[in-house]
Amino acid sequence: MLVLTGGLAASLSAQADPISALQLLREGGCGGILPPAPLLRHVASLDRAAEQWANGRSLASAAQLSGYESASSAGLHIRGPEGATVQLLKKSDCRTVTNPTFHDVGFYQRGVESWLLLGSVYVAPSSAQAPMQASRALQLVNAVRARGARCGDHSFAPAPPVKLSETLAVVAFGHADDMARHNYFEHEDLKGRSPADRVRAFGYQEKLVGENIAYGPKSAEEVVQGWLDSPGHCENIMDPRFAEMGIAYAAGQSSRRGLFWVQLLVAPKA
């Protein structure tokens, strides 16, 4: 009798605690509906983010304000008595509850309402991933050049594809790394050199040089889309005179810890 009572008490306690209820569902695949998922780590910054979300902020801004740098996140909002927490979570979204890509969790409670925020920390791509990111950026750039685009008030017809240049990639990385190391964000570097100056310094003979820079995007998809959404950057990408491209990134090392991106688009001399 004592054992049964103790077991019942533990079960009710687990149901009353949103995180314990969530862990229980992950371990059991949401009642056997889906494959089991690893248990989550309770992170204080996501508790703060869950509170910000409860107070009306978006999930993305809530995570950012809390200091949690997420690669992906999702929220679960439930309302009901404590004893029904497991069932409420199960009914809310089993695929989110058991999503194996999430590693962390935080929550906030107010009365009979609970806000749970699941996330996975963003890890900056390593230098070993640079060729893959460059190839993906090239695919995206050539896809939009092939179909044409509207950049602000100007429409651009389809343009010939560009190809990757190892030399331009080295030049792009040099500027990205310099900005990352010295915490600035400009086309002109600290030595007063322009993009064309930096290209020429590597012995590359050019007719025309365009440069796009960005700070913060976490992937080739994100950075290229950001440039396409900006008329001036988009015009560089769509300029039919450009034939070669170099793209690189470097991680910030001081207060700016995001990625610094540099894209060079060049028309070489014949």
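Scroll up to find the structure this text is about.
Note that the structure is a prediction, hence the values are computed from the model and not measured.

Draft legend 1. Representation of the overall build of the protein in the model. Counting secondary structure elements, the protein contains 12 helices and 10 strands. At 25 Å, the protein has a C-alpha radius of gyration far larger than the 18 Å of a compact globule built from 270 residues. Once the C-alpha set of the protein is aligned to its principal axes, its extents read approximately 90 × 40 × 35 Å. A total of 270 residues make up the protein; the buried ones form 43% of that total. Counting only carbon and sulfur atoms, one obtains 55% of the accessible surface of the protein, whose full area is about 13900 Å². In the protein, which carries 25 positive and 25 negative side-chain charges, the distance between the mean positions of the two groups comes to 3 Å.

Draft legend 2. The sheet that holds strand β9 (residues 244-251), seen in detail. Judged by pairing direction, the sheet is mixed, and its four strands sit side by side in the order β7-β9-β10-β8 without closing on themselves. Single-partner strands in this sheet number two, and they are β7 (163-164) and β8 (206-215). By the bridge criterion, nine bridges tie β8 to strand β10 (residues 259-268) in an arrangement that is antiparallel. The residue bridging isoleucine 213 from the neighbouring strand is valine 262, located in β10. Contacts from helix α12 (residues 231-238) reach β8 and β10, with the element oriented near 140 degrees to β8.

Draft legend 3. Fine view of the state of the cysteines. Scanning the entire structure with this criterion turns up two disulfides. A disulfide bridge connects cysteine 30 with cysteine 94, and the sulfur atoms are separated by 1.8 Å. Judged by the sign of its S-S torsion, about -65 degrees, the cystine formed by cysteine 30 and cysteine 94 is left-handed. Of this pair, cysteine 30 sits in helix α3 (residues 29-32) while cysteine 94 is found in helix α7 (residues 94-97), placing the two residues 64 residues apart along the sequence. For the pair shown, cysteine 30 and cysteine 94 are each scored as buried. Through a disulfide, cysteine 151 is tied to cysteine 234; the S-S separation comes to 2.0 Å. Negative torsions about the S-S bond denote left-handed disulfides, and the value of about -55 degrees found for cysteine 151 with cysteine 234 makes this one left-handed. In this pair, cysteine 151 is assigned in strand β5 (residues 149-151) and cysteine 234 in helix α12, connecting sequence segments 83 residues apart.

Draft legend 4. Spatial organisation of the pattern of salt bridges. Applying the stated criterion across every chain yields a total of 11 salt bridges. For glutamate 221, the salt bridge identified is with arginine 136, shortest N-O distance 2.7 Å. Of this pair, glutamate 221 sits in helix α11 (residues 220-228) while arginine 136 sits in helix α8 (residues 130-147), and the two are 85 residues apart along the sequence. Taking the relative accessible area as the measure of exposure, glutamate 221 reaches 37% and is therefore partly exposed.

Draft legend 5. Layout of helix α4 (residues 44-54). Where α4 is concerned, the buried positions are Ser45, Leu46, Ala49, Ala50, Trp53 and Ala54. In this structure, the buried residues of α4 make contact with α5 (59-66), β2 (70-79), β3 (104-110) and β4 (113-121). Note on α4: the residue one or two positions beyond its end, glycine 56, has a positive phi of about 110 degrees.

Draft legend 6. Structural context of the sheet that holds β3. The strand order across the open sheet formed by four strands is β1-β3-β4-β2, and the pairing between neighbours is mixed. Each edge of the sheet is formed by a strand with only one pairing partner; in this case those strands are β1 (41-42) and β2. Pairing of β3 with β4 involves seven bridges; the strand directions are antiparallel. Paired with tyrosine 108 across the strands is tryptophan 115, a residue of β4. This element, helix α2 (residues 18-27), spans β1, β2, β3 and β4 of the sheet and lies at about 55 degrees to β4.

Draft legend 7. Layout of the side chain of glutamate 211. Counting through the fold element by element, glutamate 211 comes out in strand β8. Among the polar contacts made by the side chain of glutamate 211, one reaches the side chain of histidine 187 at a distance of 2.7 Å. At 2.9 Å, the side chain of glutamate 211 and the side chain of arginine 198 are in polar contact. Excluding residues within four positions of it along the chain, glutamate 211 makes contact with His175, His187, Pro195, Arg198, Asn236, Val262, Gln263 and Leu264.

Draft legend 8. Structural context of the side chain of serine 114. Of note, serine 114 is situated in strand β4. Here serine 114 falls in the buried class, since its relative accessible area comes to 5%. A distance of 3.2 Å separates polar atoms of two side chains, one belonging to serine 114 and the other to glutamine 109. In this structure, serine 114 is in contact with Pro18, Leu76, His77, Ile78, Tyr108 and Gln109, ignoring residues within four places of it in sequence.

Conventions adopted
- Residues numbered from 1 in each chain as written.
- Predicted model: local features only at pLDDT ≥ 70, side-chain atom pairs only at ≥ 80, totals over all residues.
- Heavy atoms only, no water.
- Helix = DSSP H or I, 4+ residues; strand = E, 2+ residues; numbered from the N terminus.
- Rg over C-alpha atoms; globule rule 2.2 N^0.38 Å.
- Buried < 20%, exposed > 50% of the residue type's maximum accessible area, 1.4 Å probe, protein only.
- Areas by Shrake-Rupley, 256 points an atom, 1.4 Å probe, with all protein chains shown as cover.
- Lys, Arg positive; Asp, Glu negative; His and termini not counted.
- Charge placed at Lys NZ, Arg CZ, Asp CG, Glu CD.
- Pairing = 2+ DSSP bridges.
- Contact = heavy atoms within 4.5 Å.
- Axes fitted to C-alpha atoms, helices over the stretch in contact; angles between N-to-C directions.
- Disulfide = S-S within 2.5 Å.
- Salt bridge = Lys/Arg side-chain N within 4 Å of Asp/Glu carboxyl O.
- Polar contact = N/O pair within 3.5 Å; in protein donor to acceptor, adjacent residues only side chain to side chain.

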